[in-house]
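Each chain, written out:
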Amino acid sequence: MPKRNLMALEQTLAILKPDCVKKELIGEVLKRIQDAGFSVNALKMTRLSKQTACGFYAVHEGKPFFELLTDFMSSGSCVPIVLEKENAVADFRKLIGATNPAEAEEGTIRKAFADSPPHNIVHGSDSAENAKKEITFFFTQQELLINQG
Ligand code: ATP
Ligand code: MG
């Protein structure tokens, strides 16, 4: 049997946002993600404080939607997930669709389930470099190693 080319695998960070959890869509959204070929490497349910939400989205500080976004992200539980696949970062962004669900393509997760920003069901890292930072923002080394055993 040919060996799997582990070198080509990439990780990205997804977050099922508080609207996804409140709408009882965790299972449905995760199924779409796994059906699209992503493996779940680590997963937890947590609740961000306002301060932690501001830290996670610090790049958007000063933008008009920052308060709304960080209030929303700290309004309930969310589910951060480490996903693995070849070309995971770009492929996951494609799977979730445009930031504004009204502009998201047919067949994307945001098109199917999201209302309007900031309520857009799911987060996806926008670069491999940010994916690494975001993964360590949510998961300890111990949690990340569990799946390698
Ligand atoms: P994310 O980083 O959550 O994956 P994204 O990369 O598609 O989303 P960003 O530009 O990084 O989009 O914006 C971060 C989040 O801020 C969006 O997902 C959305 O929840 C919220 N947001 C972005 N623009 C607006 C807006 N104009 N009004 C309200 N909320 C917004
Ligand atoms: Mg973003």
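Everything here concerns the structure above.
For the structure given in this document, a descriptive report is provided here. What you see is a predicted model; the values in this text were computed from it and never measured.

By the burial criterion, the buried members of helix α4 (residues 66–73) are F66, L69, T70, F72 and M73. The arc that holds the buried residues of α4, viewed along the axis, is 160°, so those residues lie on one side. Of the surrounding elements, those touching the buried residues of α4 are β1 (9–16), α1 (18–22) and α3 (50–56).

Turning our eyes to something else, we now look at the state of the cysteines. Working definition of a disulfide: a covalent bond connecting the sulfur atoms of two cysteines. Taken as a whole and assessed by the stated rule, the structure comprises zero disulfides. Just so you know, C20 is unpaired, no disulfide at all, and the nearest cysteine sulfur is the one on C78, 10 Å from it. Relative accessible area serves as the criterion here: at 0%, C20 is assigned to the buried category.

The next point concerns the packing of aromatic side chains. Within this structure, the stated rule accounts for five aromatic pairs. Plain terms: the ring middles of F38 and F92 are 5.4 Å apart, the flat faces sit at 80° to each other, and that makes the pair edge-to-face. Taken together, the positions of F38 in the loop between α2 (26–35) and β2 (39–43) and F92 in helix α5 (residues 88–96) put the pair 54 residues apart, joining distant regions of the chain. On the basis of relative accessibility, which here comes to 4%, the residue F38 falls in the buried class. When its relative accessible area of 0% is taken as the criterion, F92 is described as buried. Ring plane angle 65° and centroid distance 5.2 Å describe the contact between F137 and F138, whose orientation is recorded as edge-to-face. Here F137 falls in the partly exposed class, since its relative accessible area comes to 37%. Judged by its relative accessible area of 8%, F138 falls in the buried class. Ring pairs connect the aromatic residues F56, Y57, F137 and F138, which therefore count as one cluster.

In the neighbourhood of ligand 1, 13 residues make up the surrounding shell, with K17, Y57, R93, T99 and N120 lying closest. Contact distances for ligand 1 include 2.8 Å between an oxygen atom and a side-chain N or O atom of R93. When ligand 1 sits alone it has 580 Å² of accessible area, and the protein chains cover 78% of it. In the shell around ligand 1, the residues fall into five nonpolar, five polar and three charged.

For the peptide bond that leads from P117 to P118, omega is 5°, which places it in the cis range. Examined against the element boundaries, P118 turns out to sit in the loop between α6 (109–113) and β5 (122–124). Despite not being glycine, N87 shows a phi value in the positive range, around 55°. By the secondary structure assignment, N87 is in the loop between β4 (77–86) and α5. Of note, the phi angle at I121 is positive, near 70°, even though the residue is not glycine. With respect to the helices and strands, I121 occurs in the loop between α6 and β5. Looking at I121, the relative accessible area reads 0%, which means it is buried.

Basis of the calculations
Residues numbered from 1 in each chain as written. Chains lettered and ligands numbered in written order. Predicted model: local features only at pLDDT ≥ 70, side-chain atom pairs only at ≥ 80, totals over all residues. Heavy atoms only, no water. Buried < 20%, exposed > 50% of the residue type's maximum accessible area, 1.4 Å probe, protein only. Helix = DSSP H or I, 4+ residues; strand = E, 2+ residues; numbered from the N terminus. Arc of directions from axis to C-beta. Contact = heavy atoms within 4.5 Å. Disulfide = S-S within 2.5 Å. Phe/Tyr/Trp six-rings, centres within 6.5 Å; stacked < 30°, edge-to-face > 60°. Near = heavy atom within 4 Å. Polar contact = N/O pair within 3.5 Å; in protein donor to acceptor, adjacent residues only side chain to side chain. Areas by Shrake-Rupley, 256 points an atom, 1.4 Å probe, with all protein chains shown as cover. Nonpolar A, V, L, I, M, F, W, Y, C, P; charged D, E, K, R; others polar.

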